[in-house]
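Read off the chains here:
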Amino acid sequence: MTRQTPGPKEPYVGKELGSVSFTVTEAVLHDYCDGLNLPPAVAVPSMIASGPDNAYFAQSSFSNHFGHLWMRQEWELFEPLTRGRTYTATARITDIYPKRNRSVVRYEVELRADSGELAVRTRHHQSYLLDQQDGQLTFRDPKAKQGARRFVVPEGEPFGPLERVISLEMCDRFFHGDANYHTNREESKKLGFGDVVIGGRMTMAYAAHILEERFGTAWWTSGRLDTKFTNPVWPNETVIARGVMTGPLTEEPERTGAFVWLAKPDETVVLVANASVRTIEREHKRDI
């Protein structure tokens, strides 16, 4: 990927983050699938676009990176990505807001093909502990949190599951050998973590994978995903992705919804997500 880096450093609402060039190469696909311990891709995985999306960290982040964690990601898919094709991403900061004891930067990214068509739009919410610059973060027992991060699984047809143990070696392959807090313990300790933090790009990819399996073409051409990250994952932990079909959306009956979540075997919830696709049958009726 090649990028243009504008200044100044600190984020502000309205800041244009420049452009990133991204080519869907076989090497990128290999690292993605190998790093997630998934079979070689036949169709280009939708979350491979998290690469250029995440490339804006340097331009969007506060200079104090301590305690940095993903809070939320919103995705809209418009057309499948194609092997060998080059795309251009552009981004800007759309909001900075408080969330509990954290400051959150929201930036929007649009990924377009060389012909100009919009392929993917994302809204990325990254959180920072601006009042702390050193020391070690402590995480409460997830079961002791208010509400215990529990939820009621909606009624409907289940799909998945997908279970994986995420090793440090998988992280290294997924992130192409880059030394950061998702691959390197020393880099992670600089940000206050006791161990490597498994990247949100990886856990979100498992959620998207079972959606791709369930919805097929409808996912790549009309998928929406709103993901909230609830607890960190550490090396050699197991995660299980599960989903439930929730039926037509009340506010958009032409779309079919699903609820997806990732959890550890002890039921610690890693992420929860609402997803939907446009109903193919209705799409055909509009074309007639």
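Our structure's up above, just so we're on the same page.
Help me get a handle on helix α6 (residues 200-215), residues and values and all.
The end-to-end C-alpha distance of α6, which contains 16 residues, comes to 22 Å, matching closely the 22 Å that a straight helix rising 1.5 Å per residue would cover. α6 sits mainly inside the fold: 14 of its 16 residues count as buried. Two residues or fewer past α6, G216 is found with a positive phi of approximately 60°.

Can you lay out the packing of aromatic side chains for me, pointing to particular residues and giving the numbers?
All told, the structure shown has seven aromatic pairs when counted by the stated rule. Between the aromatic rings of F174 and F175, the centroid separation amounts to 5.0 Å while the plane-to-plane angle is 70°, which identifies the pairing as edge-to-face. Taken as a pair, F174 and F175 share a single burial class, namely buried. With 5.8 Å between their ring centres and 20° between their planes, Y181 and F193 make a pair best called stacked.

So what's going on with the nonpolar core? Which residues, and what values?
Membership of the largest hydrophobic core comes to 66 residues, with the highest contact counts inside it found for L81, M202, Y206, L211 and L225. Among the elements that line this core, the one with the most residues is α6, at nine residues. Once you skip the residues sitting within four places of it in the chain, Y206 turns out to touch L36, L38, L162, R164, I166, M170, V239, A241 and L262. In this structure, F66, L137, L191 and F193 belong to the second largest nonpolar core, which totals eight residues.

Could you give an account of helix α1 (residues 26-36), naming the residues involved and the relevant values?
Listing the buried residues of α1 in full gives L29, Y32, C33, G35 and L36. Viewed along the axis of α1, the buried residues span an arc of 165°, placing them on a single side of the element. Contacts from the buried residues of α1 go to β7 (158-166), α4 (168-174) and α6.

Any chance you could break down the side chain of S46 for me, citing the residues and the numbers?
Here S46 is to be found in the loop between α1 and α2 (50-54). At 3.1 Å, the side chain of S46 and the side chain of W219 are in polar contact. Excluding residues within four positions of it along the chain, S46 makes contact with W75, L77, A208, E212, W219 and W220.

I'd like a rundown of the environment of P45, residues and numbers included.
Turning to its location among the elements, P45 is positioned in the loop between α1 and α2. As a C-alpha pair, P45 and Y32 span 13 residues in sequence and 8.8 Å in three-dimensional space. Leaving out residues up to four positions away in the same chain, P45 has contacts with L29, Y32, E212 and W220.

I'd love a proper account of the pattern of salt bridges, names of residues and values included.
Counted according to the given criterion, the structure contains 17 salt bridges. The salt bridge partner of E108 is R123, with a shortest N-O separation of 3.0 Å. Here E108, found in strand β5 (residues 102-113), pairs with R123, found in strand β6 (residues 118-128); they are 15 residues apart in sequence, far enough to count as distant. With a relative accessible area of 17%, E108 lands in the buried category. Here R214 and E157 are joined by a salt bridge, their closest N and O atoms 3.2 Å apart.

Describe unusual backbone geometry, naming the residues involved and giving the relevant values.
Cis geometry marks the peptide bond from G160 to P161; its omega dihedral reads -5°. Tracing the backbone through its elements, the reader meets P161 in strand β7. Of note in this structure, N37 is not a glycine but carries a positive phi near 55°. You can see N37 is positioned in the loop between α1 and α2. N37 gets classed as partly exposed once you look at its relative accessible area, which sits at 45%. Its identity as a non-glycine residue notwithstanding, N236 has a phi of 70°, on the positive side. Along the chain, N236 falls in the loop between β8 (224-229) and β9 (237-248). Classification of N236 by relative accessible area gives exposed; the value is 54%.

Parameters at a glance
Residues numbered from 1 in each chain as written. Predicted model: local features only at pLDDT ≥ 70, side-chain atom pairs only at ≥ 80, totals over all residues. Heavy atoms only, no water. Helix = DSSP H or I, 4+ residues; strand = E, 2+ residues; numbered from the N terminus. Expected span 1.5 Å × (residues − 1). Buried < 20%, exposed > 50% of the residue type's maximum accessible area, 1.4 Å probe, protein only. Phe/Tyr/Trp six-rings, centres within 6.5 Å; stacked < 30°, edge-to-face > 60°. Core = buried A, V, L, I, M, F, W, Y, C linked by side-chain atoms within 4.5 Å. Contact = heavy atoms within 4.5 Å. Arc of directions from axis to C-beta. Polar contact = N/O pair within 3.5 Å; in protein donor to acceptor, adjacent residues only side chain to side chain. Salt bridge = Lys/Arg side-chain N within 4 Å of Asp/Glu carboxyl O.

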